[in-house]
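Below are the chains, spelled out letter by letter.
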Amino acid sequence: MEYIAAGPQVSLYAALLLILALGAAVRFGRMVLGFFTLPVLRRGEVFLFSIALGLLAQSLGLLGLGVAGLLSRTAVGALYLIFFAAPFLVRASGAAQAVESVRWSLWDRAMACGLVFVFFLAFVDALRPSTGVDALAYHLYIPEEFLRIGRMDFLPLTRESLWPFNTEMLFMAGLLFQGTALAQLFHWIFYPLIAMAVYLLVRRFYGSKQALWAAVFFVMTPAAFAQSSYPYVDLSLAFFVFLSVYAFLLPGGSPSRAGDYALCGVFCGAAIGTKLLGLGCFGLLFLMAAYRARWNLKVLGVFAGLTLMVGGGWYLRSWVLAGNPVYPFFHSFFGGHGWFIAMDQNVGMGNGWKAFLLFPWNTAMFPVKFGGQMIGPLFLMLVPALFYPFRLPRSHSRDMIIFTLAFTIFLFTQSQHMRFYIAVAPFLAVGAGVAWTQIMGQTSLARYASALAVGAVLLMHTGIYVHRTQKAWPVVLGKIEARDWLTQHERSFKGFDYIQKHVAPDAKVFNGAEVRYFYAPLTHRIVHHPQIDVGLKKAGVLLGDYLKKNDFDCIWISDSSDPAMSDFVKTHGYQPVFEYTFTEKPDTFYNQIYAHPRILAAEKILNPALTEKI
Amino acid sequence: MKSRWAAWLLAIWMGVVWAVYVMQVILPKIQGKI
């Protein structure tokens, strides 16, 4: 419970540190960019690629320190000093730049202001204390564990400690130097960065009018907005997947020089180092590069070699430490190291080709069936535009359509969680931006009807954004303490808070209720049931026997816990000492903490007053 | 876009998607809040 802080000072400090980290990223990345052979880039593109390379370098540097067991403020601070100082010492040729002024109309400026407003809302939302299942179950919890033990070891009780964690490395730096606000800002920053990437790509290949609309279509995707304030990795994955394709298209034509694929290889490496799903991006671009360069082995060697050099470290680490590069998946293929995980439980509306054809409609209209994240109706509205005879420029449109379709099919075969498809949203936004500008360019009255529909959606989504952010303001402005805010808004907090305040640190605690471990007090010995569940089942040990053998002082259960736990506490004399309910629409969770009579007698429950309430 | 019909068809489709989205997603959300 070391990371509970929010308020104006915290926000300012986190924002300042983010600016410093981004400054280091731009400086260092720009130096690295100088080593690539690239066509003439626009100033914005140099900034975009530099910041991407710089953030990637920070992740890899932190991985190196973590593996070496050097996760201290001094060592990480020294790493950041190197990122600042290295550009002074190393001279790279520097990418050629072109400055192009774009004339923005009043309407364009108003749209840009709208985008800045949305980024600001997301920024404020990112400054509240952390909540959310996966965030607290591993995106923040595992970096917290790494920091606690000072190195990035294999944590055998978790399933995620060997996953590719580029973005979590940034979260780790955030936790190390400030706390959850900085960690969350490290994910938030990818929201404006993707919008910028979409804008720049469309401006390069289609025009500035289309570019602004494409950025608007991406930013107004509610799933992207919602993700930006959580320490997840879906936006960073989307960013590096998009940049991989951007770099693939950049040389234009049919390049067959190996150097033309180097930047694409590096960004693909960043994608596979961010999330296992990035492997799909790598596979597809490998095939596309092979087709375009006519199976030129040098091209493929440079492309795949750089991808593996940049992102392969995570897979090597997993292979060395657990005998499986994608632990714990595909365990039967990798000598039984790992176990089966059903990622798609209760998500989606079928798996066949009919379900795939209906997927765009279903995801827009039934978001609850796809994990609750909203993709919105804008892309669906513009689907018919695919069949209009637009005169689109050459090969890059075709390449982007092929990649988008193939990557969507790949994701569809893996999982139907909507947030995974945020990686496709920037490409859809490109198509939507281009199509929409064409539609608006026509003379028919029909365009006003279309504009009305799109405008109404943009307004509604802005309303949703404002509403979503409402609960963050009081804690970010310091009107509510972070601890009180978490009590109201985070399901796991009250239970862990009780344990920290009212259970003696030497008591043995069994958490049978929560997968969100991040707020578990580090002062206590807590065994988390979800972490040992697989091991118990593999060993054929019954939960009741395990509880009996370990003789816990406190057992925390909820109504979603294994019924064996409630049977156990009731038949072994445990007494309820604390209970609470928590509603997370549409579910309500009822939690109870039981104590063994001996610790009540030994006064290891430190505040009997709370006990008396029950 | 060459065909006026095509433009109108697209506008009608957009209107239909919008209406279903409002009924299916937005209104239940608002009612849930109340």
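Residues numbered from 1 in each chain as written. Chains lettered and ligands numbered in written order. Predicted model: local features only at pLDDT ≥ 70, side-chain atom pairs only at ≥ 80, totals over all residues. Heavy atoms only, no water.

Chemist: Can you walk me through the overall build of chain B in this structure?
Modeler: Broken down by element type, chain B carries one helix and zero strands. Counting only residues that meet the buried cut, chain B has 29% of its 34 residues in that class. As displayed, chain B offers around 2400 Å² of accessible surface, 71% of which is attributable to carbon and sulfur atoms. (Helix = DSSP H or I, 4+ residues; strand = E, 2+ residues; numbered from the N terminus. Buried < 20%, exposed > 50% of the residue type's maximum accessible area, 1.4 Å probe, protein only. Areas by Shrake-Rupley, 256 points an atom, 1.4 Å probe, with all protein chains shown as cover.)

Chemist: Can you walk me through the environment of Gln178 of chain A in this structure?
Modeler: Residue and element names in this part refer to chain A. Position of Gln178 relative to the elements: it lies in the loop between helix H7 (166-177) and helix H8 (180-188). Expressed as a C-alpha distance, the spacing of Gln178 and Ile194, which sit 16 residues apart in the sequence, is 25 Å. For Gln178, the side chain forms a polar contact with the main-chain nitrogen of Ala181, separated by 3.5 Å. (Polar contact = N/O pair within 3.5 Å; in protein donor to acceptor, adjacent residues only side chain to side chain.)

Chemist: Honestly, the nonpolar core in this entry has me stumped. Any pointers?
Modeler: Most often, soluble globular proteins have nonpolar side chains that are buried together. Residue and element names in this part refer to chain A. Membership of the largest hydrophobic core comes to 223 residues, with the highest contact counts inside it found for Phe49, Tyr191, Phe217, Phe218, Leu285 and Phe403. Those residues in contact with Phe218, other than ones at most four positions away along the chain, are Tyr191, Ile194, Ala195, Ala224, Leu235, Ala425, Pro426 and Ala429. Of all hydrophobic cores here, the second largest spans 14 residues; its members include Tyr546, Leu547, Ile557 and Met565. (Core = buried A, V, L, I, M, F, W, Y, C linked by side-chain atoms within 4.5 Å. Contact = heavy atoms within 4.5 Å.)

Chemist: For this particular structure, what's the right way to read the sheet that holds strand E5 (residues 554-558) of chain A?
Modeler: Strand pairs in the sheet, formed through backbone hydrogen bonds, run parallel or antiparallel to each other. All names here are of chain A. The five strands are arranged E4-E3-E5-E7-E6 in an open sheet whose pairing can be described as mixed. Of all strands in the sheet, those with a lone pairing partner are strand E4 (525-528) and strand E6 (575-584), marking the two edges. Each strand of the sheet is rotated relative to its neighbour by a mean of 20°, with strand direction disregarded. Sheet analysis places E6 next to strand E7 (residues 587-595), joined by nine bridges and oriented antiparallel. Residue pairing for E7: Thr583 is matched across the bridge by Thr588. (Pairing = 2+ DSSP bridges. Axes fitted to C-alpha atoms, helices over the stretch in contact; angles between N-to-C directions.)

Chemist: Would you mind going over the pairing of E7 of chain A with me for this structure?
Modeler: Moving residue by residue along a regular strand, the side chains alternate between the two faces of the sheet. Residue and element names in this part refer to chain A. Relative to E7, E5 runs antiparallel, the two sharing five bridges. Across the sheet, Ser558 pairs through a bridge with Asn591, a residue of E7. Hairpin remark: E6 followed by E7, antiparallel, with two residues in the connecting loop.

Chemist: Is there a simple way to explain the environment of Ile26 of chain B in this structure?
Modeler: By the element assignment, Ile26 of chain B lies in helix H1 (residues 4-33). When sequence neighbours within four positions are dropped, the list of residues in contact with Ile26 of chain B reads Met460 and Ile464 of chain A together with Tyr21 of chain B.

Chemist: Mind showing me how you'd approach the interface of chain A and chain B here?
Modeler: It is common to give the size of an interface as the accessible area that goes away when the parts come together. Chain A puts 32 residues into the contact, and the matching count from chain B is 20 residues. Taken over both partners, the interface formed by chain A and chain B buries close to 2300 Å², and the fraction arising from carbon and sulfur atoms is 77%. Its largest share of buried area at the contact with chain B, chain A owes to Met365, Met381 and Tyr388 of chain A, together 23% of the area lost on that side. At the junction of chain A with chain B, the criterion picks out zero salt bridges. Linking chain A with chain B are three residue pairs in polar contact (both at pLDDT 80 or more). Contributing elements (two or more residues each) for the side of chain A that touches chain B: helix H17 (359-365), helix H18 (378-381), helix H20 (425-440) and helix H21 (446-469) of chain A. If one sorts the elements of the side of chain A that touches chain B by residue count, H21 of chain A sits on top with eleven residues. A per-class count over the side of chain A that touches chain B returns 25 nonpolar, six polar and one charged. (Buried area = accessible area lost by both parts, 1.4 Å probe. Salt bridge = Lys/Arg side-chain N within 4 Å of Asp/Glu carboxyl O. Nonpolar A, V, L, I, M, F, W, Y, C, P; charged D, E, K, R; others polar.)

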